[in-house]
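Fold and contact review
Residue strings, one per chain:
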Amino acid sequence: MTTLAITDGQVLQSDLTVTTADVLIDQDAGEILELGSDLGADADETLDAAGSLVTPGFVNGHCHVAMTLLRGYADDKPLDAWLQEDIWPAEGELTPEDVRVGTELGLLELIKAGTTAFADMYFHVPEIAAAVEEAGLRARLGHGIVTVGKDGDVAREDAQTSLEIAREYDGAADGRISTAFMPHSLTTVGDEYLEEFVPEAREAGVPIHYHANETTEEVAPIVDEYGQRPLAYAAEQGMLEPEDFVAHGVHVDETEIDLLAEAGTGVIHCPASNMKLASGMAPVQRMREAGVTVGLGTDGAASNNDLSMLDEARDAAMLGKLAADDASAVPAEAVVEMLTAGSADAIGVESGRLEEGAPADFAVIDLEQPHLTPPHDLVSHLAYAAAASDVRHTVCDGEVLMRDREVLTLDEAAVRQRALEAAESLAARVE
Ligand SMILES: [Zn+2]
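Residues numbered from 1 in each chain as written. Predicted model: local features only at pLDDT ≥ 70, side-chain atom pairs only at ≥ 80, totals over all residues. Heavy atoms only, no water.

Side note on the nonpolar core
Counting residues in each nonpolar core, the largest one holds 110 residues, and the members touching the most others are Trp82, Leu107, Phe118, Phe181, Tyr210 and Met287. Here this core gets seven residues from one element, more than from any other, and that element is helix α2 (residues 96-112). Setting aside residues up to four positions removed in sequence, Phe118 forms contacts with Asn60, Val65, Leu107, Leu110, Val132, Leu137, Arg138, Ala139, Arg140, Leu141 and Ile347. In terms of nonpolar packing, the next biggest core, distinct from the first, is built from 17 residues, Val54, Phe362, Val364 and Val400 among them. (Core = buried A, V, L, I, M, F, W, Y, C linked by side-chain atoms within 4.5 Å. Buried < 20%, exposed > 50% of the residue type's maximum accessible area, 1.4 Å probe, protein only. Helix = DSSP H or I, 4+ residues; strand = E, 2+ residues; numbered from the N terminus. Contact = heavy atoms within 4.5 Å.)

Okay, structure coming up:
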(Lines give C-alpha, C1' and ligand atoms only; values in the text may rest on other atoms or scores of the structure.)
Protein backbone atom coordinates (compact mmCIF):
# COMPACT_ATOMS: atom_id res chain seq x y z
CA MET A 1 0.00 0.00 0.00
CA THR A 2 1.29 3.48 -0.93
CA THR A 3 0.18 6.21 1.43
CA LEU A 4 -0.10 9.97 1.21
CA ALA A 5 -0.61 12.24 4.21
CA ILE A 6 -2.05 15.74 3.90
CA THR A 7 -0.58 17.37 6.99
CA ASP A 8 -1.45 20.18 9.42
CA GLY A 9 -4.54 21.45 7.60
CA GLN A 10 -7.89 22.69 8.84
CA VAL A 11 -10.12 19.85 7.69
CA LEU A 12 -13.73 20.46 6.62
CA GLN A 13 -15.61 17.36 7.77
CA SER A 14 -18.86 15.94 6.42
CA ASP A 15 -20.93 17.68 9.12
CA LEU A 16 -19.33 20.99 8.00
CA THR A 17 -17.35 21.38 11.23
CA VAL A 18 -13.66 22.19 10.90
CA THR A 19 -10.92 20.40 12.84
CA THR A 20 -7.12 20.57 12.73
CA ALA A 21 -5.95 17.18 11.49
CA ASP A 22 -3.77 15.18 9.15
CA VAL A 23 -5.54 13.09 6.50
CA LEU A 24 -4.01 9.72 5.59
CA ILE A 25 -4.82 8.24 2.18
CA ASP A 26 -4.37 4.81 0.63
CA GLN A 27 -3.27 5.90 -2.84
CA ASP A 28 -3.71 2.45 -4.39
CA ALA A 29 -7.34 2.20 -3.30
CA GLY A 30 -7.89 5.95 -3.70
CA GLU A 31 -9.50 6.04 -0.27
CA ILE A 32 -9.25 8.02 2.95
CA LEU A 33 -7.81 5.78 5.68
CA GLU A 34 -7.85 8.06 8.69
CA LEU A 35 -8.19 11.59 10.05
CA GLY A 36 -5.96 12.21 13.05
CA SER A 37 -2.81 13.76 14.41
CA ASP A 38 0.82 13.01 13.45
CA LEU A 39 -0.07 10.78 10.51
CA GLY A 40 2.66 12.23 8.26
CA ALA A 41 5.69 10.49 9.80
CA ASP A 42 5.01 7.02 8.37
CA ALA A 43 3.39 8.07 5.08
CA ASP A 44 5.21 7.45 1.78
CA GLU A 45 4.52 10.99 0.66
CA THR A 46 3.20 14.15 2.29
CA LEU A 47 1.37 17.22 1.08
CA ASP A 48 1.70 20.30 3.28
CA ALA A 49 -1.60 21.91 4.26
CA ALA A 50 -0.41 24.23 7.05
CA GLY A 51 -2.36 27.49 6.98
CA SER A 52 -4.83 25.86 4.59
CA LEU A 53 -8.34 24.46 4.48
CA VAL A 54 -8.68 20.85 3.31
CA THR A 55 -12.10 20.41 1.70
CA PRO A 56 -13.75 17.68 -0.34
CA GLY A 57 -12.96 18.26 -4.02
CA PHE A 58 -15.64 20.36 -5.70
CA VAL A 59 -18.13 18.63 -8.01
CA ASN A 60 -19.26 20.43 -11.18
CA GLY A 61 -22.64 18.84 -11.84
CA HIS A 62 -23.28 20.22 -15.31
CA CYS A 63 -20.71 21.26 -17.87
CA HIS A 64 -19.78 21.23 -21.55
CA VAL A 65 -16.10 21.33 -20.80
CA ALA A 66 -14.76 21.54 -24.38
CA MET A 67 -16.66 24.82 -24.81
CA THR A 68 -13.62 26.54 -23.32
CA LEU A 69 -12.60 27.07 -26.97
CA LEU A 70 -15.70 29.31 -27.35
CA ARG A 71 -15.04 31.38 -24.22
CA GLY A 72 -15.72 35.01 -25.10
CA TYR A 73 -16.69 34.06 -28.65
CA ALA A 74 -20.29 35.28 -28.31
CA ASP A 75 -21.78 37.04 -25.30
CA ASP A 76 -24.74 39.15 -24.26
CA LYS A 77 -27.57 37.38 -26.09
CA PRO A 78 -30.58 35.34 -24.88
CA LEU A 79 -30.25 31.53 -24.98
CA ASP A 80 -32.14 30.87 -28.19
CA ALA A 81 -30.40 33.51 -30.34
CA TRP A 82 -27.02 32.75 -28.76
CA LEU A 83 -27.31 29.04 -29.61
CA GLN A 84 -28.69 29.44 -33.10
CA GLU A 85 -26.66 32.43 -34.32
CA ASP A 86 -23.31 31.76 -32.68
CA ILE A 87 -22.77 28.57 -30.72
CA TRP A 88 -24.30 25.86 -32.94
CA PRO A 89 -22.61 27.15 -36.15
CA ALA A 90 -19.23 27.19 -34.36
CA GLU A 91 -19.81 23.76 -32.80
CA GLY A 92 -20.61 22.42 -36.27
CA GLU A 93 -16.99 23.11 -37.19
CA LEU A 94 -15.41 21.43 -34.14
CA THR A 95 -13.20 18.48 -35.03
CA PRO A 96 -12.42 15.61 -32.64
CA GLU A 97 -8.97 17.20 -32.12
CA ASP A 98 -10.62 20.52 -31.20
CA VAL A 99 -12.79 18.77 -28.62
CA ARG A 100 -9.73 17.01 -27.20
CA VAL A 101 -7.74 20.21 -26.72
CA GLY A 102 -10.76 22.20 -25.53
CA THR A 103 -11.39 19.49 -22.96
CA GLU A 104 -7.76 19.50 -21.82
CA LEU A 105 -7.93 23.28 -21.41
CA GLY A 106 -11.12 22.90 -19.37
CA LEU A 107 -9.65 20.11 -17.23
CA LEU A 108 -6.63 22.29 -16.46
CA GLU A 109 -9.03 24.97 -15.32
CA LEU A 110 -11.06 22.53 -13.22
CA ILE A 111 -7.97 21.12 -11.51
CA LYS A 112 -6.59 24.59 -10.81
CA ALA A 113 -9.93 25.54 -9.25
CA GLY A 114 -10.13 22.50 -6.93
CA THR A 115 -12.73 20.53 -8.89
CA THR A 116 -12.24 16.77 -8.81
CA ALA A 117 -15.42 15.48 -10.47
CA PHE A 118 -17.81 16.74 -13.12
CA ALA A 119 -20.69 15.75 -15.38
CA ASP A 120 -20.31 16.60 -19.05
CA MET A 121 -22.66 16.63 -22.02
CA TYR A 122 -21.01 17.07 -25.42
CA PHE A 123 -19.97 15.18 -28.56
CA HIS A 124 -16.77 13.41 -29.69
CA VAL A 125 -16.96 11.82 -26.22
CA PRO A 126 -14.10 9.34 -26.86
CA GLU A 127 -11.77 12.37 -27.03
CA ILE A 128 -13.21 13.72 -23.78
CA ALA A 129 -12.81 10.34 -22.07
CA ALA A 130 -9.18 10.11 -23.19
CA ALA A 131 -8.46 13.57 -21.77
CA VAL A 132 -10.17 12.68 -18.47
CA GLU A 133 -8.16 9.48 -18.23
CA GLU A 134 -4.94 11.44 -18.73
CA ALA A 135 -5.86 14.30 -16.38
CA GLY A 136 -6.89 12.03 -13.50
CA LEU A 137 -10.32 13.50 -12.74
CA ARG A 138 -13.61 11.74 -12.10
CA ALA A 139 -16.40 12.32 -14.61
CA ARG A 140 -19.85 11.27 -15.72
CA LEU A 141 -19.80 11.68 -19.49
CA GLY A 142 -22.44 11.56 -22.19
CA HIS A 143 -23.14 12.36 -25.82
CA GLY A 144 -25.76 15.13 -26.12
CA ILE A 145 -28.58 14.31 -28.54
CA VAL A 146 -30.39 16.92 -30.64
CA THR A 147 -33.03 15.67 -33.10
CA VAL A 148 -34.86 18.88 -34.08
CA GLY A 149 -34.07 19.95 -37.61
CA LYS A 150 -32.58 16.55 -38.50
CA ASP A 151 -34.08 13.91 -40.73
CA GLY A 152 -35.12 10.61 -39.20
CA ASP A 153 -32.03 8.52 -39.91
CA VAL A 154 -29.58 11.16 -38.73
CA ALA A 155 -31.63 11.83 -35.59
CA ARG A 156 -31.87 8.11 -34.73
CA GLU A 157 -28.14 7.74 -35.26
CA ASP A 158 -27.49 10.59 -32.81
CA ALA A 159 -29.62 8.88 -30.13
CA GLN A 160 -27.98 5.54 -30.91
CA THR A 161 -24.53 7.12 -30.48
CA SER A 162 -25.50 8.46 -27.04
CA LEU A 163 -26.64 5.01 -25.97
CA GLU A 164 -23.52 3.27 -27.32
CA ILE A 165 -21.17 5.78 -25.70
CA ALA A 166 -23.00 5.32 -22.39
CA ARG A 167 -22.63 1.54 -22.62
CA GLU A 168 -19.03 1.53 -23.79
CA TYR A 169 -17.42 4.04 -21.45
CA ASP A 170 -19.19 3.26 -18.17
CA GLY A 171 -16.43 2.23 -15.76
CA ALA A 172 -13.55 3.44 -17.98
CA ALA A 173 -10.32 4.94 -16.58
CA ASP A 174 -10.23 2.43 -13.70
CA GLY A 175 -13.77 3.35 -12.76
CA ARG A 176 -13.21 7.11 -12.67
CA ILE A 177 -15.45 7.53 -15.72
CA SER A 178 -19.15 6.79 -15.54
CA THR A 179 -21.74 7.71 -18.15
CA ALA A 180 -25.30 8.79 -18.80
CA PHE A 181 -27.75 8.85 -21.69
CA MET A 182 -28.08 12.55 -22.54
CA PRO A 183 -30.95 13.98 -24.60
CA HIS A 184 -30.09 17.70 -24.88
CA SER A 185 -33.51 18.85 -23.64
CA LEU A 186 -37.21 18.07 -23.76
CA THR A 187 -37.73 20.54 -26.62
CA THR A 188 -34.69 19.65 -28.77
CA VAL A 189 -35.33 15.88 -28.80
CA GLY A 190 -38.57 14.57 -30.34
CA ASP A 191 -40.89 12.39 -28.24
CA GLU A 192 -40.60 9.46 -30.66
CA TYR A 193 -36.86 9.23 -29.88
CA LEU A 194 -37.43 9.45 -26.13
CA GLU A 195 -40.06 6.72 -26.34
CA GLU A 196 -37.68 4.47 -28.25
CA PHE A 197 -34.40 5.09 -26.45
CA VAL A 198 -35.22 5.88 -22.81
CA PRO A 199 -36.23 2.24 -22.12
CA GLU A 200 -32.96 1.13 -23.76
CA ALA A 201 -30.98 3.45 -21.49
CA ARG A 202 -32.80 1.95 -18.49
CA GLU A 203 -31.91 -1.50 -19.70
CA ALA A 204 -28.27 -0.43 -20.03
CA GLY A 205 -28.42 0.71 -16.39
CA VAL A 206 -27.24 4.28 -17.04
CA PRO A 207 -28.83 7.46 -15.70
CA ILE A 208 -30.43 10.10 -17.91
CA HIS A 209 -29.28 13.72 -17.89
CA TYR A 210 -30.86 16.64 -19.76
CA HIS A 211 -31.50 20.36 -19.65
CA ALA A 212 -34.96 21.09 -18.23
CA ASN A 213 -37.04 24.21 -17.59
CA GLU A 214 -34.08 26.47 -18.30
CA THR A 215 -36.10 29.28 -19.90
CA THR A 216 -39.80 30.05 -20.26
CA GLU A 217 -39.37 29.26 -23.98
CA GLU A 218 -38.53 25.69 -22.97
CA VAL A 219 -41.69 25.37 -20.88
CA ALA A 220 -44.38 26.82 -23.15
CA PRO A 221 -43.98 24.42 -26.12
CA ILE A 222 -44.34 21.36 -23.85
CA VAL A 223 -47.42 22.80 -22.15
CA ASP A 224 -48.92 23.69 -25.56
CA GLU A 225 -48.21 20.34 -27.20
CA TYR A 226 -48.73 17.88 -24.34
CA GLY A 227 -50.97 19.84 -21.96
CA GLN A 228 -48.66 19.26 -19.03
CA ARG A 229 -45.65 20.79 -17.31
CA PRO A 230 -42.24 19.70 -18.69
CA LEU A 231 -41.25 17.58 -15.70
CA ALA A 232 -44.63 15.80 -15.68
CA TYR A 233 -43.97 15.05 -19.35
CA ALA A 234 -40.44 13.87 -18.44
CA ALA A 235 -41.86 11.58 -15.75
CA GLU A 236 -44.29 10.12 -18.29
CA GLN A 237 -41.34 9.47 -20.61
CA GLY A 238 -39.59 7.58 -17.79
CA MET A 239 -36.94 10.25 -17.37
CA LEU A 240 -37.48 11.15 -13.72
CA GLU A 241 -35.83 8.35 -11.78
CA PRO A 242 -33.63 8.60 -8.65
CA GLU A 243 -30.41 8.23 -10.67
CA ASP A 244 -31.41 10.88 -13.23
CA PHE A 245 -30.45 14.54 -12.98
CA VAL A 246 -31.57 17.65 -14.79
CA ALA A 247 -29.66 20.85 -15.45
CA HIS A 248 -31.07 24.28 -14.56
CA GLY A 249 -34.63 23.72 -13.25
CA VAL A 250 -35.21 27.48 -13.31
CA HIS A 251 -38.89 27.68 -14.26
CA VAL A 252 -40.29 24.85 -12.14
CA ASP A 253 -43.66 25.20 -10.44
CA GLU A 254 -44.74 23.66 -7.10
CA THR A 255 -46.06 20.49 -8.74
CA GLU A 256 -42.73 19.96 -10.47
CA ILE A 257 -40.75 20.58 -7.27
CA ASP A 258 -42.89 17.91 -5.60
CA LEU A 259 -42.30 15.55 -8.54
CA LEU A 260 -38.52 16.02 -8.27
CA ALA A 261 -38.56 15.46 -4.51
CA GLU A 262 -40.74 12.34 -4.76
CA ALA A 263 -38.72 10.89 -7.64
CA GLY A 264 -35.35 11.63 -6.04
CA THR A 265 -34.16 13.17 -9.31
CA GLY A 266 -31.30 15.65 -8.81
CA VAL A 267 -31.22 19.23 -10.05
CA ILE A 268 -28.00 20.98 -11.04
CA HIS A 269 -28.35 24.69 -10.42
CA CYS A 270 -26.26 26.85 -12.78
CA PRO A 271 -26.63 30.37 -11.36
CA ALA A 272 -23.96 32.15 -13.44
CA SER A 273 -25.31 30.80 -16.74
CA ASN A 274 -28.89 31.59 -15.68
CA MET A 275 -27.91 35.18 -14.87
CA LYS A 276 -25.76 35.72 -17.96
CA LEU A 277 -28.41 34.46 -20.37
CA ALA A 278 -31.13 36.17 -18.27
CA SER A 279 -32.88 32.80 -18.06
CA GLY A 280 -34.34 33.48 -14.62
CA MET A 281 -33.89 32.63 -10.94
CA ALA A 282 -34.24 29.00 -9.85
CA PRO A 283 -36.22 28.51 -6.62
CA VAL A 284 -33.27 26.84 -4.89
CA GLN A 285 -34.35 27.47 -1.32
CA ARG A 286 -37.82 26.12 -2.08
CA MET A 287 -36.39 23.01 -3.79
CA ARG A 288 -34.06 22.29 -0.87
CA GLU A 289 -36.91 22.71 1.63
CA ALA A 290 -38.97 20.25 -0.39
CA GLY A 291 -36.15 17.69 -0.17
CA VAL A 292 -34.84 17.90 -3.74
CA THR A 293 -31.14 16.97 -4.12
CA VAL A 294 -29.56 20.14 -5.52
CA GLY A 295 -26.03 20.45 -6.85
CA LEU A 296 -24.13 23.19 -8.67
CA GLY A 297 -22.73 23.43 -12.17
CA THR A 298 -20.93 25.99 -14.27
CA ASP A 299 -22.57 25.02 -17.58
CA GLY A 300 -20.21 25.68 -20.52
CA ALA A 301 -17.48 28.31 -20.45
CA ALA A 302 -19.25 30.27 -23.21
CA SER A 303 -22.14 31.11 -20.85
CA ASN A 304 -20.27 31.67 -17.58
CA ASN A 305 -17.39 32.42 -18.63
CA ASP A 306 -15.13 30.37 -16.35
CA LEU A 307 -15.31 26.95 -14.73
CA SER A 308 -14.71 28.02 -11.13
CA MET A 309 -17.05 26.24 -8.74
CA LEU A 310 -16.19 28.69 -5.95
CA ASP A 311 -17.63 31.48 -8.12
CA GLU A 312 -20.66 29.29 -8.68
CA ALA A 313 -21.11 28.77 -4.95
CA ARG A 314 -21.08 32.48 -4.25
CA ASP A 315 -23.46 33.15 -7.15
CA ALA A 316 -25.81 30.44 -5.87
CA ALA A 317 -25.99 32.05 -2.43
CA MET A 318 -26.51 35.56 -3.78
CA LEU A 319 -29.08 34.61 -6.42
CA GLY A 320 -30.86 32.24 -4.03
CA LYS A 321 -31.42 35.08 -1.59
CA LEU A 322 -32.74 37.37 -4.32
CA ALA A 323 -35.02 34.64 -5.67
CA ALA A 324 -36.47 33.99 -2.21
CA ASP A 325 -36.44 37.71 -1.28
CA ASP A 326 -34.86 36.56 1.98
CA ALA A 327 -31.27 37.12 3.17
CA SER A 328 -31.41 33.94 5.24
CA ALA A 329 -32.19 31.78 2.19
CA VAL A 330 -29.44 29.57 0.69
CA PRO A 331 -26.95 30.19 3.54
CA ALA A 332 -23.21 29.43 3.43
CA GLU A 333 -23.68 25.87 4.75
CA ALA A 334 -26.20 25.14 1.99
CA VAL A 335 -23.91 26.27 -0.83
CA VAL A 336 -20.93 24.39 0.58
CA GLU A 337 -23.08 21.27 0.75
CA MET A 338 -24.31 21.80 -2.84
CA LEU A 339 -20.72 22.45 -4.00
CA THR A 340 -19.54 19.08 -2.67
CA ALA A 341 -21.88 16.28 -1.51
CA GLY A 342 -25.00 17.77 -3.13
CA SER A 343 -23.51 17.76 -6.61
CA ALA A 344 -21.88 14.36 -6.08
CA ASP A 345 -25.19 12.84 -4.98
CA ALA A 346 -27.12 14.49 -7.81
CA ILE A 347 -24.83 13.14 -10.54
CA GLY A 348 -24.29 9.82 -8.76
CA VAL A 349 -20.54 9.82 -8.20
CA GLU A 350 -19.04 8.75 -4.91
CA SER A 351 -17.27 11.91 -3.82
CA GLY A 352 -17.89 15.14 -1.97
CA ARG A 353 -17.31 13.93 1.61
CA LEU A 354 -14.20 14.00 3.73
CA GLU A 355 -14.42 10.99 6.04
CA GLU A 356 -12.81 7.59 6.60
CA GLY A 357 -13.50 5.17 3.76
CA ALA A 358 -14.57 7.91 1.34
CA PRO A 359 -12.84 8.46 -2.02
CA ALA A 360 -9.68 10.56 -1.62
CA ASP A 361 -10.81 13.64 -3.57
CA PHE A 362 -9.63 16.97 -2.11
CA ALA A 363 -8.95 20.62 -2.68
CA VAL A 364 -6.48 22.35 -0.35
CA ILE A 365 -7.10 26.09 -0.07
CA ASP A 366 -4.52 28.65 1.05
CA LEU A 367 -6.09 30.63 3.89
CA GLU A 368 -3.15 32.99 4.35
CA GLN A 369 -4.59 35.60 2.02
CA PRO A 370 -5.86 39.11 2.81
CA HIS A 371 -9.34 38.28 1.51
CA LEU A 372 -9.55 35.19 3.77
CA THR A 373 -8.44 37.02 6.94
CA PRO A 374 -9.55 36.81 9.74
CA PRO A 375 -10.72 33.18 9.95
CA HIS A 376 -13.99 33.73 11.85
CA ASP A 377 -15.88 31.12 9.87
CA LEU A 378 -14.20 28.95 7.24
CA VAL A 379 -17.49 27.70 5.79
CA SER A 380 -18.45 31.33 5.22
CA HIS A 381 -15.06 31.97 3.57
CA LEU A 382 -15.55 28.99 1.27
CA ALA A 383 -19.02 30.18 0.26
CA TYR A 384 -18.39 33.90 0.00
CA ALA A 385 -14.72 34.86 -0.17
CA ALA A 386 -12.42 32.12 -1.52
CA ALA A 387 -11.33 32.16 -5.17
CA ALA A 388 -10.11 29.48 -7.57
CA SER A 389 -6.61 30.96 -7.42
CA ASP A 390 -6.47 30.17 -3.67
CA VAL A 391 -6.42 26.42 -4.38
CA ARG A 392 -2.91 25.09 -3.60
CA HIS A 393 -3.26 21.36 -4.17
CA THR A 394 -5.84 19.14 -5.86
CA VAL A 395 -6.06 15.39 -5.22
CA CYS A 396 -8.40 12.95 -6.98
CA ASP A 397 -8.72 9.21 -6.38
CA GLY A 398 -5.62 9.47 -4.16
CA GLU A 399 -3.47 10.95 -6.93
CA VAL A 400 -1.99 14.44 -6.60
CA LEU A 401 -3.18 16.30 -9.72
CA MET A 402 -1.81 19.69 -8.65
CA ARG A 403 0.90 20.49 -6.10
CA ASP A 404 1.55 24.12 -5.12
CA ARG A 405 -0.37 25.36 -8.21
CA GLU A 406 1.60 23.14 -10.61
CA VAL A 407 -0.61 20.71 -12.52
CA LEU A 408 1.20 17.37 -12.66
CA THR A 409 -0.97 15.40 -15.08
CA LEU A 410 -1.21 17.88 -17.97
CA ASP A 411 1.43 20.16 -19.50
CA GLU A 412 -0.19 23.54 -18.90
CA ALA A 413 1.92 25.59 -21.32
CA ALA A 414 1.55 23.06 -24.14
CA VAL A 415 -2.21 22.70 -23.65
CA ARG A 416 -2.68 26.48 -23.66
CA GLN A 417 -0.66 26.82 -26.84
CA ARG A 418 -2.61 24.09 -28.63
CA ALA A 419 -5.89 25.62 -27.44
CA LEU A 420 -4.88 29.05 -28.77
CA GLU A 421 -4.12 27.56 -32.17
CA ALA A 422 -7.31 25.48 -32.27
CA ALA A 423 -9.50 28.44 -31.28
CA GLU A 424 -7.90 30.70 -33.88
CA SER A 425 -8.37 28.15 -36.63
CA LEU A 426 -11.98 27.51 -35.53
CA ALA A 427 -12.89 31.21 -35.61
CA ALA A 428 -11.40 31.51 -39.09
CA ARG A 429 -13.40 28.51 -40.36
CA VAL A 430 -16.72 29.83 -39.00
CA GLU A 431 -16.40 33.28 -40.59
ZN1 LIG B 1 -25.83 23.11 -20.40
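Having seen the model, we can carry on.
Side note on the coordination of the zinc ion
In an ideal octahedron of six donors the angles at the metal are 90 or 180 degrees, and in an ideal tetrahedron of four donors they are 109.5 degrees. Protein coordination at the zinc ion: the donors are His62 (NE2), His64 (NE2), His211 (NE2) and Asp299 (OD), at 2.1 to 2.2 Å from the metal. Taken together, the four donor atoms coordinating the zinc ion and their angles of 86 to 168 degrees define a geometry best described as irregular. Taken in chain order, the donor set of the zinc ion reads H-x1-H-x146-H-x87-D. With His64 in the loop between β6 (58-63) and α1 (79-91) and Asp299 in the loop between β14 (294-296) and α11 (309-324), this residue pair connects regions lying 235 residues apart in the sequence. Like Asp299, His64 is buried. (Donors = N, O, S within 2.8 Å, 3.2 Å for Na, K, Ca; no water. Tetrahedral: all angles 85-135°; square planar, octahedral: opposite > 155°, others 65-115°.)

Brief notes about the packing of aromatic side chains
Pairs of aromatic rings are described using the distance from one ring centre to the other and the angle between the two planes. Within this structure, the stated rule accounts for two aromatic pairs. Ring centres of Tyr122 and Phe123 lie 4.4 Å apart, and the angle between their planes is 20 degrees; this geometry places the pair in the stacked category. The class of Tyr122 is buried, set by a relative accessible area of 5%. When the centroid spacing of 4.3 Å and the interplanar angle of 25 degrees are considered together, the rings of Tyr226 and Tyr233 count as stacked. We classify Tyr233 as buried; its relative accessible area is 1%. (Phe/Tyr/Trp six-rings, centres within 6.5 Å; stacked < 30°, edge-to-face > 60°.)

Quick notes on the pattern of salt bridges
Counted under the stated rule, the structure contains 25 salt bridges. Notably, a salt bridge pairs Arg229 with Asp253, separated by 3.4 Å at the nearest N-O pair. Placement of Arg229 in the loop between α6 (216-226) and α7 (230-236) and of Asp253 in the loop between β12 (245-248) and α8 (254-263) is noted, with a sequence separation of 24 residues between them. The class of Asp253 is partly exposed, set by a relative accessible area of 26%. Through salt bridges with shared partners, one network takes in Arg100, Glu104, Glu134 and Arg418. (Salt bridge = Lys/Arg side-chain N within 4 Å of Asp/Glu carboxyl O.)

Let's talk about the pairing of strand β5 (residues 52-56)
Burial of β5 is extensive: five of the five residues sit out of reach of the surface. Note: strand β1 (residues 3-12) against β5, two bridges, orientation parallel. From the neighbouring strand, Val11 faces β5, where its bridge partner is Val54. The pairing of β5 with strand β15 (residues 362-366) spans five bridges and is classified as antiparallel. Counted as the bridge partner of Leu53 is Ile365 from β15. (Pairing = 2+ DSSP bridges.)

Some details on the side chain of Glu91
For Glu91, the location among the structural elements is in helix α1. Despite its burial, Glu91 pairs with no opposite charge; the closest candidate is Lys150, at 9.9 Å N-O. If near-sequence neighbours (up to four positions away) are discounted, Glu91 is found in contact with Met67, Leu70, Tyr122 and Phe123. (Lys, Arg positive; Asp, Glu negative; His and termini not counted.)

Points about the environment of Arg403
Turning to its location among the elements, Arg403 is positioned in strand β17 (residues 399-403). Residue Arg403 is classed as partly exposed on the basis of its relative accessible area, which comes to 27%. Each C-alpha atom of the pair Arg403 and Val364 lies 9.5 Å from the other, and the pair is 39 residues apart in sequence. In this structure, Arg403 is in contact with Glu45, Thr46, Leu47, Arg392, His393 and Leu408, ignoring residues within four places of it in sequence. Reaching out from Arg403, the side chain makes a polar contact with the side chain of Glu45 at a distance of 2.4 Å. Here Thr46 takes part through its backbone oxygen, which lies 3.4 Å from a polar atom of the side chain of Arg403. (Polar contact = N/O pair within 3.5 Å; in protein donor to acceptor, adjacent residues only side chain to side chain.)

A short note on the UniProt feature "binding site: substrate" (unreviewed entry) in the protein chain
If you check UniProt for "binding site: substrate" (unreviewed entry), the listed places come out as Glu91, His184, Glu214 and Asp299 in our numbering. With respect to the helices, strands and loops of the structure, His184 is situated in the loop between β10 (182-183) and α5 (191-204). Filtering out sequence-adjacent residues up to four positions away, His184 remains in contact with Met121, Ile145, Val146, Val189, Tyr210 and His211. Take Asp299: its relative accessible area is 5%, and that puts it in the buried class. Excluding anything up to four places from it in sequence, Asp299 contacts His62, Cys63, His64, His211, Glu214, His248, Cys270, Ser273 and Leu307. A distance of 2.9 Å separates a polar atom in the side chain of Asp299 from a polar atom in the side chain of His64. (UniProt positions renumbered as here; feature names shortened; annotations may be inferred.)

Considerations on the pairing of β17
Relative to β17, strand β16 (residues 391-396) runs antiparallel, the two sharing three bridges. Residue pairing in the sheet places Thr394 in a bridge with Met402 of β17. Count of turn residues in the β16/β17 antiparallel hairpin: two residues, of which Asp397 carries a positive phi of about 55 degrees. A loop of two residues connects β17 with strand β18 (residues 406-407), the two strands running antiparallel in sequence, and Asp404 in this loop sits at a positive phi of about 45 degrees.

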